[in-house]
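Residue-level listing of the chains:
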Number of protein chains: 2
Amino acid sequence: MYNNDANTKNTLLAAAVRVFATKGYTAATVREICSLAGANVAAVNYHFGGKEALYRSVLEHIFIRVQAEQNRAGQKLDANAPAEKRLETYIRQKVEDIYQTDNDDGSIASHWAIFLMEVANPSNNLDFLVENYVQAPADELRAIVAEILEVPATDPVVLDCALSIWGQLLDPLVMMPLTDRMTHPRPRVQDNLKQFTEHMVRFSLGGIKAMKNG
Amino acid sequence: MYNNDANTKNTLLAAAVRVFATKGYTAATVREICSLAGANVAAVNYHFGGKEALYRSVLEHIFIRVQAEQNRAGQKLDANAPAEKRLETYIRQKVEDIYQTDNDDGSIASHWAIFLMEVANPSNNLDFLVENYVQAPADELRAIVAEILEVPATDPVVLDCALSIWGQLLDPLVMMPLTDRMTHPRPRVQDNLKQFTEHMVRFSLGGIKAMKNG
DNA sequence: ATTTGTTTGAAACGGACGTTTCAAACTGCG
DNA sequence: CGCAGTTTGAAACGTCCGTTTCAAACAAAT
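Cut-off values and rules
Residues numbered from 1 in each chain as written. Chains lettered and ligands numbered in written order. Predicted model: local features only at pLDDT ≥ 70, side-chain atom pairs only at ≥ 80, totals over all residues. Contact = placed C-beta atoms within 7 Å. Nonpolar A, V, L, I, M, F, W, Y, C, P; charged D, E, K, R; others polar. Least-squares fit on C-alpha atoms with pLDDT ≥ 70 in both. Axes fitted to C-alpha atoms, helices over the stretch in contact; angles between N-to-C directions. Helix = DSSP H or I, 4+ residues; strand = E, 2+ residues; numbered from the N terminus. Parallel < 35°, antiparallel > 145°, perpendicular 65-115°, else oblique. Left-handed = near helix turned anticlockwise from the far one by under 90°. Domains from an automatic or database assignment. Core = buried A, V, L, I, M, F, W, Y, C linked by C-beta atoms within 7 Å. Buried ≥ 20, exposed ≤ 12 C-beta atoms within 10 Å, placed from the backbone. Expected span 1.5 Å × (residues − 1).

Some words on the interface of chain A and chain B
Move 1: With 37 residues of chain A in contact, the opposing surface of chain B contributes 37 residues.
Move 2: Its residues assigned to classes, the side of chain A that touches chain B comprises 19 nonpolar, 11 polar and seven charged.

Okay, structure coming up:
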């Protein structure tokens, strides 16, 4: 407890984020993680207690960044603006959060990659992710949609519309294996942020209003 | 070559469909498939030549059923009907195809489960699946959307709208791990086929029309 | 400098997997 | 019945995985 063991541990954690994000939990091997971190195979068990504990550490590590992002977005959202404008802001922020890449290679942010891997292959940790990543933004969207529709948030049509919108948000990620293989592949959202956002806003608003007179 | 080896081979194939559909290619084990089929571990290699060859046999086996379904749906689609009506028919048919369960336990048809597994964890076989399952229906949808929008099918807005619609079709499947874990879980589409179809048609038509004057 | 506690490294363990082996059982045919 | 070809079954093989072991290297404190 006297020295700076943080170096190896942090290197290991960073390597684990990269490997888990690209391969998923089961396909990732501790040997590859250790090799990428320049550490010994036993390092994972010594510093974290095992592969599963390392994975949980990764989830907690990326979660604090996501929560900060959500707080930042939440503050920007003006509660007094009209609901339609708030929907636009909501969609724009989510699109930016998901698809804006700070990294040079244009790859998705690792926490979204890991999130997708969990959805595709759910483990016990998905409950934690939904509770902390998904629930609050989803409730927020439901409130906005309910206000546009002028119905209570418990109305089933609100849930339907909210899911249609969340679906459109995550689809480019989920469907990428498909769209990349089609004869007319979809251009990467990362390269068309503004255009994609604009389409989503118009299409979604049009869809919601079409559900209005019920 | 004189006897009916078809019995063991077919039992093995049926078991493989079930196991691959629930676990995916990598997570599925030859031992479990053989155990479910009441066959020896060596049976897979003897009858199919290995796990991967068995998987390809499964894909080809379920593909002939899917192609028959698509032909049946294609015949029903009246080319002379107005585009909006054809969109409604298209959506209704796809929703039924995907979510209507003939099996008693309400589980998704196995070919869709396997398809989803491939999307989540793409292998070389996904190219085959996209080419034969996805490409034609996707082109069909693009034609319908282009007609409603009164623009050529090559217009980018057509692709955007078509993807928004395909996204809504597959979302309940893909997002199920999420929606099941939320405080307001979405009711299973299987139990609300008509309601879900109606929402999708109205929402999508509203969305498309909102993109019209562009 | 010696001791004490912490971190690393090479090697091995135990288990699960796909696959192979080969003898036994079975089938159809003369 | 007896034989040839086909199919099965039990056991083992080789590989890769996560994990454990334990001695060596290291850092800090007396």
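Digging into the relation of the copies chain A and chain B
Move 1: Between chain A and chain B, which share one sequence, the superposing operator has a rotation angle of 180 degrees and an axial displacement of 0.0 Å; the RMSD is 0.0 Å. Expressed as an axis order, the relation between the two copies is that of a two-fold axis.
Move 2: By residue overlap, the copies meet face to face through one surface: 100% of the interface positions of chain A are interface positions in chain B.

A closer look at the packing of helix α1 (residues 6-23) of chain B against helix α6 (residues 110-120) of chain B
Residue and element names in this part refer to chain B.
Move 1: Running from N to C, α1 and α6 point in directions that differ by 45 degrees, and their axes come no closer than 8 Å. It follows from the interaxial angle that α1 and α6 lie oblique. In the crossing of α1 with α6, the sense of the turn from one axis to the other is left-handed. From α1, Val17, Arg18, Phe20, Ala21 and Thr22 reach across to α6, where they touch Ser110, Ala113 and Ile114.
Move 2: For the contact of α1 with α6, the per-class residue count stands at five nonpolar, two polar and one charged.

Quick word on the domain arrangement of chain A
All names here are of chain A.
Move 1: Under the domain assignment used here, chain A contains domain 1 (1-59) and domain 2 (77-210).
Move 2: Once you take the C-alpha centre of each, domain 1 and domain 2 turn out to be 31 Å apart.
Move 3: Listed per partner, the contact involves eight residues of domain 1 and nine residues of domain 2.
Move 4: Looking at the side of domain 1 that touches domain 2, the elements with two or more residues in it are α1 (6-23) and α4 (51-76).
Move 5: Considering every element that reaches the side of domain 1 that touches domain 2, the biggest residue donor is α1, with four residues.
Move 6: Here the side of domain 1 that touches domain 2 is composed, by residue class, of five nonpolar, one polar and two charged.

Observations concerning the nonpolar core
Move 1: Core analysis: the biggest nonpolar cluster contains 118 residues, and Ala162(A) and Ala162(B) have the highest contact counts within it.
Move 2: Setting aside chain neighbours within four positions, we find Ala162(A) in contact with Ala138(A), Leu141(A), Arg142(A) and Val145(A).

A word on α1(B)
Residues and elements named next belong to chain B.
Move 1: With 18 residues, α1 should reach 26 Å at 1.5 Å per residue; the first-to-last C-alpha distance of 25 Å fits that figure.
Move 2: Every buried residue of α1 is listed here: Leu12, Ala15, Ala16, Val17, Val19, Phe20 and Ala21.
Move 3: Looking at the buried positions of α1, the neighbouring elements they touch are α2 (30-37), α3 (43-47), α4 (51-76) and α6.
Move 4: Directly after α1, the chain includes Gly24, whose backbone phi takes a positive value near 85 degrees.

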